[in-house]
Amino acid sequence: MQTITVKGSTGRSQILVGGRLADLSNYLPDARVVIITDEVVAGLYRDQFPEGDVITIGCGERNKTLETIAAIFEKLIELEADRSTFIVGIGGGIVGDITGFAASTYMRGLRFGFVATTLLAQVDASVGGKNGVNFKGYKNMVGVFNQPEFVIADIDLLKTLPPSEIACGLAEIVKHACISDKNYFDFIENQCRAIERLDHEVMLRLVYESVKIKAGVVNQDEKEAGRRRILNFGHTIGHALEKTTQVSHGQAISLGMVMAANLSNRKGLLHQSEVQRINSLLDRLNLPVETEFDRKTVFEALKKDKKRQRSHIHFILLNHLGSAIIEDIRIKELEDWILYGDA
Ligand SMILES: NC(=O)c1ccc[n+]([C@@H]2O[C@H](COP(=O)([O-])OP(=O)(O)OC[C@H]3O[C@@H](n4cnc5c(N)ncnc54)[C@H](O)[C@@H]3O)[C@@H](O)[C@H]2O)c1
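Because the structure is predicted, anything quoted here is derived from the model rather than measured.

Asks: Can you help me understand the overall build of the protein chain in this one?
Replies: When helices and strands are tallied, the protein chain shows 13 helices and 12 strands. The C-alpha atoms of the protein chain give a radius of gyration of 20 Å, which matches the 20 Å a tight globule of 343 residues would have. Along the first, second and third principal axes, the C-alpha atoms of the protein chain reach 60 × 40 × 35 Å. A burial count over the protein chain gives 56% of its 343 residues as buried. Intrachain contacts of the protein chain at a sequence separation of at least 6 include 69% that bridge at least 24 residues.

Asks: Would you explain the side chain of Gln 122 in this entry?
Replies: The residue Gln 122 is located in helix 4 (residues 119-125) in this model. Accessibility expressed as a relative area gives 0% for Gln 122, which makes it buried. A distance of 3.1 Å separates a polar atom in the side chain of Gln 122 from the backbone oxygen of Asp 154. Apart from residues no more than four positions distant in its own chain, Gln 122 is found in contact with Ala 116, Thr 117, Val 127, Ala 153, Asp 154, Ile 155, Leu 158, Val 207 and Val 211.

Asks: Mind showing me how you'd approach the pattern of salt bridges here?
Replies: One pass over the full model with this rule turns up 22 salt bridges. One salt bridge connects Glu 224 with Lys 130, and the closest N-O pair in it is separated by 2.5 Å. Of this pair, Glu 224 sits in the loop between helix 8 (200-220) and helix 9 (235-244) while Lys 130 sits in strand 7 (residues 130-135), placing them 94 residues apart in sequence. When its relative accessible area of 38% is taken as the criterion, Lys 130 is described as partly exposed. Between Lys 212 and Glu 209 there is a salt bridge, with the nearest N and O atoms lying 3.5 Å from each other. Taken together, the residues span about one helical turn, with Lys 212 and Glu 209 both in helix 8 at a distance of 3 residues. Assessed through its relative accessible area of 10%, Glu 209 is described here as buried. Salt bridges here are not isolated pairs; linked through shared partners, they connect Glu 61, Lys 64, Asp 97 and Lys 139.

Asks: Could you clarify how one ought to interpret the packing of aromatic side chains in this entry?
Replies: Two descriptors summarise a pair of aromatic rings, namely the distance from one centre to the other and the angle between the planes of the rings. Tallying each qualifying case throughout the model produces 4 aromatic pairs. Considering the side-chain rings of Phe 73 and Tyr 106, the 6.0 Å spacing of their centres and the 35° angle between planes classify their relative orientation as tilted. One end of the pair, Phe 73, is in helix 2 (residues 66-78); the other, Tyr 106, is in the loop between helix 3 (93-105) and strand 6 (111-116), with 33 residues separating them in the sequence. Looking at Phe 73, the relative accessible area reads 25%, which means it is partly exposed. Here the basic side chain of Arg 205 rests over the ring of Phe 187, its NZ or CZ set 4.1 Å away from the ring centre.

Asks: How do you make sense of the site of the ligand when you look at a structure like this?
Replies: Residues in close proximity to the ligand total 25 residues, the closest being Asp 38, Gly 93, Thr 117, Thr 118 and Thr 160. Here an oxygen atom of the ligand and a side-chain polar atom of Thr 118 are 2.6 Å apart. In this structure, an oxygen atom belonging to the ligand sits 3.3 Å away from a side-chain N or O atom of Lys 139. Here the ligand has 870 Å² of accessible area as a free molecule, and 88% of this is covered by the chains. Counting only elements with at least two residues in the shell around the ligand, the list comes to helix 1 (39-45), helix 3, helix 4 and strand 8 (138-145). Residue contributions to the shell around the ligand peak at 4 residues, all from helix 1.

Asks: Just to check I follow, could you spell out the pairing of strand 4 (residues 53-57) for this structure?
Replies: The two faces of a sheet get side chains in turn, since along a regular strand they alternate between them. Bridge count between strand 3 (residues 33-38) and strand 4: 5 bridges; the pairing is parallel. Bridge assignment links Val 34 to a residue of strand 4, and that residue is Asp 53. Viewed along the sheet, the connection from strand 3 through helix 1 into strand 4 turns out right-handed.

Criteria and cut-off values
Numbering of residues starts from 1 in every chain and runs along the sequence as written. Two thresholds apply to this predicted model, a pLDDT of at least 70 for residue-level local features and 80 or more for giving and counting side-chain atom pairs, whereas whole-chain, interface and lining totals are computed over all residues. The side-chain numbers reported here are obtained from all heavy atoms of the structure, hydrogens and water having been left aside. Helix numbers and strand numbers start at the N terminus; a helix is a DSSP run of H or I with at least 4 residues, a strand a run of E with at least 2. Computation of the radius of gyration draws on C-alpha atoms alone. For the globule rule, the value is 2.2 Å times the number of residues to the power 0.38. Three exposure classes are used, based on accessible area relative to the maximum for each residue type with a 1.4 Å probe and protein chains only: buried under 20%, partly exposed in between, and exposed over 50%. Whether two residues are in contact is decided by their heavy atoms, any of which lying within 4.5 Å being enough. For this analysis, a polar contact is any N or O atom pair within 3.5 Å, provided that within protein one partner can donate a hydrogen and the other can accept it, and provided that sequence-adjacent residues contribute only side-chain to side-chain pairs. Only one rule defines a salt bridge in this text: a Lys or Arg side-chain nitrogen within 4 Å of an Asp or Glu carboxyl oxygen. Put simply, two rings from Phe, Tyr or Trp (the six-membered ring, in Trp's case) pair if the centres are within 6.5 Å, and we call them stacked under 30 degrees between planes, edge-to-face over 60, tilted for the rest. We call a charge positioned above a ring when the Lys NZ or Arg CZ atom is no farther than 6 Å from the ring centre and deviates by at most 35 degrees from the ring normal. The near set for a molecule or strand comprises every residue that places at least one heavy atom within 4 Å of it. For the accessible areas, the method is Shrake-Rupley and the probe is 1.4 Å, while residue cover comes only from the protein chains on display. By definition, two strands form a pair when at least two bridges between them are found by DSSP. The path from the first strand over the helix to the second decides the hand: if it runs clockwise while the strands point away from the viewer, the crossover is right-handed.

Here is the structure:
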């Protein structure tokens, strides 16, 4: 097991890469424990949970709401949870985001930790201290920055994940390599087959490298005032595609990265051969690299992006593989590119 530390303003978070759900009780304080999980994870892994009360939420983005938080508060009151109670979220990114928010706000904040059970949660969602819920159709609109005390990334849990969920995590993994580590990109290229069969050592290395990259960025800029924005590579267009088409989150991010790489090339930054390498890697990982979409609808969704500053959008481009820059691009330029250009 390897440990990576996120140093947040609310405390340190130890990310235990290769830790095990079955060993969770070793990381818990000597306190009352309440576990928050979802129906699927409870069905698969409840026998590995330590002693403690369990609150089970429904699956899917539609449950990532203030109503679910209120239901958790009611349950915590019923269970007579108090300031000394420790909360553990066992699940994917949704369970993590909800657990972190509920734990951070119930009685002004309880201690909490996560067991990340999806690849996306292990390499992305559980790292960095963003917790929250969707509100009125806006994703992650309400929430807090607060670091979990620990995150256990148990690689063995990935075996039961559907391929579409693995793909979501892989899209973020490729993103990490693109924005900050060319050697990591080379490694992924060389391990596509091992990744396909979820080879334990290779998956361990992917989770480790990705957590290291994300933790490194968060340690420089926890609240996303600057550098942390590079983690949005592929996400600006990706989110607009996710909102307006039928593609999943992972597929949307893959398509968003292809488009952002093309734009980087168009602006004279990323070499065409590197654009091609990104496309081909995503394709080999069974992620989409092209799709039909209604350009006007996607552009309208993009305009509503949270990263928008009046007439500009913070857009993440690549200089070359392993190096990202944040560029303020005029909305008008993006409109011309998406509506009439080669986007
Ligand atoms: N906080 C952050 O920084 C951050 C970053 C990225 C994404 N997110 C959020 O994460 C969420 C997506 O997370 P996700 O992709 O993990 O989705 P998820 O939590 O919905 O999990 C996906 C599905 O897999 C199931 N599942 C979980 N673990 C499993 C396992 N080991 N085996 C089989 N099935 C399992 C879940 O029950 C669920 O049905 C989004 O809401 C997104 O906004 C947050």
